[in-house]
Amino acid sequence: MSNKLANFDGLVLGVYKDGSLSESASKEVSNNVQQTIKQQLQCAGVKGKLGEVRVLYGIGREEGLPSKIAVVNLGPKSESLKESLNKARVAAAAGVRSLRDQGAKNIAIDVMTNEHGASEGATLGLFKPDNLKSIQNKKESVKISPFGSSSSAQGFTWETGLIYADAQNFARILGNSPANHMTPTIFTENVKSFLKDLPKVEVIVRDEKWAEEKKMGSFLSVGRGSNEPSKFLEIHYKGGKEGDKPLALVGKGVTFDSGGISLKSSANMSEMKIDMGGGAAVSAALYGIAKLELPINVVVAVPLCENLPSGHATKPGDVIIAMNGKSIEVDNTDAEGRLILADALYYTSSTFKPHSLIDIATLTGAMAVALGADRYSGVFSNSDKLWEELLEAGKITNDNFWRMPLDDFYLKAMTKSDVADYINASGSRYGGACTAAIFLKEFVYGLGDEGTVGKDITSIDKEKKDDVVEGNIIDKDADEINKIRYAHIDMAGVMITSEDSCYDVKGATGRPTRSIIEVARRLAAPK
């Protein structure tokens, strides 16, 4: 053992509620040391709660153990994959953070209940949003390495955990960067640099002239008030067979949202640097997908701009024409995310004909009101199967989703304009996340129901009325009639956290990056 741990100044060990070390650690640590650890934990009054940490000093030095050992509780033993992943995630993160606070710089981590979870949790927990601080105010960087081994269930290994976590940390970097350090142009440069060495990846940055040629009037209207040029980021990963339909990921990329002429309150406006959280998540997820070399084709689209007031800005009451030819009255310039996504969704769905399309956006405060902060992203989908993939992916990553209604009932609120086909804000306090979602659905090409604008909701046939009464989506499931499977993810409630423990780090969360990687992994798996 002395050779294994000679270069480490810290060690994280997992221990169950009954005081026994994890299966991986018990194979590496002598019985004498295990007994000493158990006795010290009993004396310390450890309760056995998941993530509970005690740092022990000088134990097992004669056997070559590092001078500092963080013993982290895993709670009771369990066999489910989801629980084993999260136990390792929480424990590894809690352990490395405790040792970093004690000055450790090279830490060996017991892989505990799951290698993937341990490396993922440790890497997420050690994230530091301090790249703009002076050297003396930065936290020390820490190196981590696995200690012991565990079975790699479903292909999850130490290396896959690092990939998932590195991807989310990149999304965190983008989201935490101040708006003057993360303009649309800088965003594209960061993504190009992060993806540059990955095979089968092509990054294309489109300018405003290209968007004008594509008649993306809805997208371009939002950035008119800013001196920063808008950009349209397009990324392709060709891991599948040539000609296979891709998975499409579209992310909202407003690098700062003041609200425009419909100016936001100054309270917490600085958080609107994270209004590109959806764009950060899909760009970072592409990294993870490519690093895993998944056998799937993926296209990512991120419309990027700033939403600022000026003499050139779009005004309430203006009417704009989207790429699909539909007119939109801008009632509220602070409902801008749906405007840039409208053109991005139509372009992506009509150009690349994906089998599944997922958009991710910090879209509505109503979503945070409905589901609260930090726990769930809301999902609106026309496909039960795509929803099930998202649901299971969220459980695996512990970055969870909750299904919401994608129902044509809400469309009437978005078609009440006297001067245009649509209006960009319902003007109601109620159902804001639902009306935004149904607005976006109108711009997805290939759903089989184009031209629904103006439809009399009360004239829906009896079968569909029954579906409404039962709380189902009005349209039949996409999988039954070979339409594009579509899901809109409103991540407004999880874009930022005040938590700063285990693998949560205060600031932009980078969510739901890992869940999207997991969805792609599931979709790419042989059926």
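Given the structure is predicted, the values throughout are model-derived calculations rather than measurements. (Residues numbered from 1 in each chain as written. Predicted model: local features only at pLDDT ≥ 70, side-chain atom pairs only at ≥ 80, totals over all residues. Heavy atoms only, no water.)

Q: Got a minute to help me understand the layout of surface pockets in this structure?
A: Summary: where empty space remains is shown by rolling a probe the size of a single water molecule over the atoms. Here the largest pocket is characterised by a volume of approximately 760 Å³. Lining the largest pocket are 34 residues, and of these Lys264, Asp334, Leu363, Thr364 and Gly365 sit closest to its centre. Among the elements of the structure, helix 11 (337-352), helix 12 (365-371) and helix 14 (432-441) are those that each provide at least two residues to the lining of the largest pocket. For the lining of the largest pocket, the per-class residue count stands at 13 nonpolar, 13 polar and eight charged. (1 Å grid on protein atoms, 1.4 Å probe; cavity = no way out; pocket = protein on both sides within 12 Å on 5 of 7 lines; lining within 4 Å. Points joined across faces, edges and corners; volume = space filled by probe spheres on them. Helix = DSSP H or I, 4+ residues; strand = E, 2+ residues; numbered from the N terminus. Nonpolar A, V, L, I, M, F, W, Y, C, P; charged D, E, K, R; others polar.)

Q: Would you take a moment to explain the pairing of strand 1 (residues 10-15) for this structure?
A: Note on strand geometry: in a regular strand, side chains alternate between the two faces of the sheet. Of all six residues in strand 1, six are buried, a share of seventy percent or more. Across three bridges, strand 1 lies against strand 4 (residues 106-110) in parallel orientation. Opposite Gly10, over in strand 4, you have Ile107 as the bridge partner. Relative to strand 3 (residues 68-73), strand 1 runs parallel, the two sharing five bridges. By the bridge assignment, Gly14 is partnered in strand 3 with Val72. (Buried < 20%, exposed > 50% of the residue type's maximum accessible area, 1.4 Å probe, protein only. Pairing = 2+ DSSP bridges.)

Q: So what exactly am I meant to see when it comes to the pattern of salt bridges here?
A: Two side chains that carry opposite charge are able to pair once their charged atoms sit near each other. Here the structure, examined in full by the defined rule, presents 18 salt bridges. With its nearest N and O atoms 3.1 Å apart, the salt bridge here joins Glu120 to Arg514. In this pair, Glu120 sits in helix 5 (residues 115-125) while Arg514 sits in helix 16 (residues 513-524), placing the two residues 394 residues apart along the sequence. In terms of burial, Glu120 and Arg514 fall into one category: buried. As a salt-bridge pair, Arg206 and Glu234 come within 3.3 Å of each other at their nearest N and O atoms. Note that Arg206 is positioned in strand 6 (residues 201-206) and Glu234 in strand 7 (residues 231-238), a separation of 28 residues in sequence. One salt-bridge network, held together by shared partners, links Lys82, Glu392 and Lys395. (Salt bridge = Lys/Arg side-chain N within 4 Å of Asp/Glu carboxyl O.)

Q: Mind showing me how you'd approach the sheet that holds strand 3 here?
A: To summarise the sheet geometry, strands pair through backbone hydrogen bonds and adopt either a parallel or an antiparallel arrangement. Across the sheet, five strands lie side by side as 2-3-1-4-5; this open sheet has mixed pairing. Of all the strands in the sheet, the pair left with one neighbour each is strand 2 (53-57) and strand 5 (143-147). The mean angle between the axes of side-by-side strands here comes to 25 degrees, regardless of whether they run parallel or antiparallel. Looking at chain direction, strand 4 and strand 5 are connected through five bridges and run parallel. In the strand pairing of strand 5, Asn106 is matched with Lys143. (Axes fitted to C-alpha atoms, helices over the stretch in contact; angles between N-to-C directions.)

Q: Quick question: what am I supposed to make of the packing of helix 6 (residues 158-176) against helix 10 (residues 277-291) here?
A: For any two helices packed against each other, one specifies the inter-axial angle together with the distance between the axes. Between helix 6 and helix 10, whose axes approach to 8 Å, the crossing angle comes to 155 degrees. Taken together, the axis directions place helix 6 and helix 10 in an arrangement best described as roughly antiparallel. Where helix 6 crosses over helix 10, the two elements pack in a sense that is right-handed. In contact with Ile163, Asp166, Ala167, Phe170, Ala171 and Leu174 of helix 6, helix 10 contributes Ala280, Ala281, Ala284, Tyr287, Gly288 and Lys291. (Parallel < 35°, antiparallel > 145°, perpendicular 65-115°, else oblique. Left-handed = near helix turned anticlockwise from the far one by under 90°. Contact = heavy atoms within 4.5 Å.)

Q: For this particular structure, what's the right way to read the confidence of the model for the chain?
A: The predicted coordinates ought not to be read in detail in places where the model reports low pLDDT. Per-residue confidence for the chain averages 92 on the pLDDT scale, and 93% of its residues sit at or above 70. Residue range residues 450-475 is modelled with pLDDT below 50. Its contacts to residues more than four positions away, or to other chains, number 38 contacts. (pLDDT = per-residue confidence, 0-100.)

Q: It is not clear to me how the sheet that holds strand 16 (residues 422-423) should be interpreted in this structure. Could you clarify?
A: Spatial strand order, 11-12-16: three strands in an open sheet with mixed pairing. On the outer flanks of this sheet lie strand 11 (319-321) and strand 16, each paired with one strand and no other. Judged from the two bridges that link them, strand 12 (residues 327-329) and strand 16 form a sheet pairing that is parallel. Residue pairing across strands places Ile328 opposite Tyr422, the latter belonging to strand 16.

Q: When you look at the pairing of strand 4 in this model, what are you seeing that I'm missing?
A: Where burial is concerned, most of strand 4 is hidden: four out of the five residues are buried. Assessed by its sense of winding, the connection that carries the chain from strand 4 through helix 5 to strand 5 is right-handed. (Right-handed = clockwise from strand over helix to strand, strands pointing away.)

Q: Looking at this model, I keep getting lost on the UniProt feature "domain: Cytosol aminopeptidase" (unreviewed entry) in the chain. Mind explaining?
A: The feature "domain: Cytosol aminopeptidase" (unreviewed entry), as annotated in UniProt, sits at residues 332-339 in this numbering. When the span residues 332-339 is considered, its composition is 38% helix and 0% strand, and the gap between its end C-alpha atoms is 11 Å. (UniProt positions renumbered as here; feature names shortened; annotations may be inferred.)

Q: I tried to follow a nonpolar patch on the surface on my own but got confused; where do I start?
A: Together, Val319, Ile321 and Val419 make up an exposed nonpolar region whose accessible area comes to about 250 Å². Relative to the assigned elements, Val419 resides in the loop between strand 15 (400-404) and strand 16. (Patch = residues over 30% accessible without salt bridge, like charges linked within 9 Å, V, L, I, M, F, W, Y side chains within 5 Å. Areas by Shrake-Rupley, 256 points an atom, 1.4 Å probe, with all protein chains shown as cover.)

Q: Honestly, helix 3 (residues 31-43) in this entry has me stumped. Any pointers?
A: Side chains that are three or four residues apart share a direction in an α-helix, a result of its 3.6 residues per turn. For helix 3, with 13 residues, the first-to-last C-alpha span of 18 Å sits near the 18 Å given by 1.5 Å per residue. Listed as buried for helix 3 are Val33, Gln34, Ile37 and Leu41. Down the axis of helix 3, the buried set is contained in an arc of 100 degrees. They therefore lie on one face. The outward face of helix 3, more than 90 degrees from its buried face, is lined by the exposed residues Asn31, Asn32, Gln42 and Cys43. Where helix 3 is buried, its residues contact strand 1, helix 2 (23-26), strand 2 and strand 3. Just downstream of helix 3, Gly45 is the residue with a positive phi angle, here 70 degrees. (Expected span 1.5 Å × (residues − 1). Arc of directions from axis to C-beta.)

Q: Whenever I open this one, the nonpolar core confuses me. Can you help?
A: Nonpolar side chains tend to gather and get buried jointly when the protein is soluble and globular. With 62 residues, the main nonpolar core has Phe187, Leu249, Ile296, Val298, Ile358 and Leu390 as its most contacted residues. Here this core takes eight residues from helix 10, the largest share from any one element. When residues no more than four places from it in sequence are discounted, the contact partners of Ile296 are Tyr237, Lys238, Gly239, Gly240, Leu247, Ile289, Ala520, Leu523 and Ala524. If you look at the next biggest cluster of nonpolar residues, it comprises 48 residues, including Phe232, Val299, Ile320 and Ala433. (Core = buried A, V, L, I, M, F, W, Y, C linked by side-chain atoms within 4.5 Å.)

Q: Could you clarify how one ought to interpret the packing of aromatic side chains in this entry?
A: How two aromatic rings sit relative to each other is given by the distance of their centres and the angle of their planes. The full count for this structure, using the stated rule, is 14 aromatic pairs. Geometrically, the ring pair formed by Phe156 and Tyr164 is edge-to-face, given 6.4 Å between the ring centres and 80 degrees between the ring planes. The pair formed by Phe156 and Tyr164 is uniform in burial state, with each residue classed as buried. With 5.1 Å between their ring centres and 90 degrees between their planes, Trp210 and Tyr347 make a pair best called edge-to-face. Taken together, the positions of Trp210 in helix 8 (residues 208-213) and Tyr347 in helix 11 put the pair 137 residues apart, joining distant regions of the chain. Look at Trp210 and you get buried, because its relative accessible area is 11%. Grouping aromatic residues by their ring pairs yields a cluster made of Trp210, Phe219, Phe232, Tyr347 and Phe352. The residue whose ring lies beneath Arg375 is Tyr376, and the NZ or CZ to ring-centre distance is 5.2 Å. (Phe/Tyr/Trp six-rings, centres within 6.5 Å; stacked < 30°, edge-to-face > 60°. Lys NZ or Arg CZ within 6 Å of the ring centre and 35° of its normal.)

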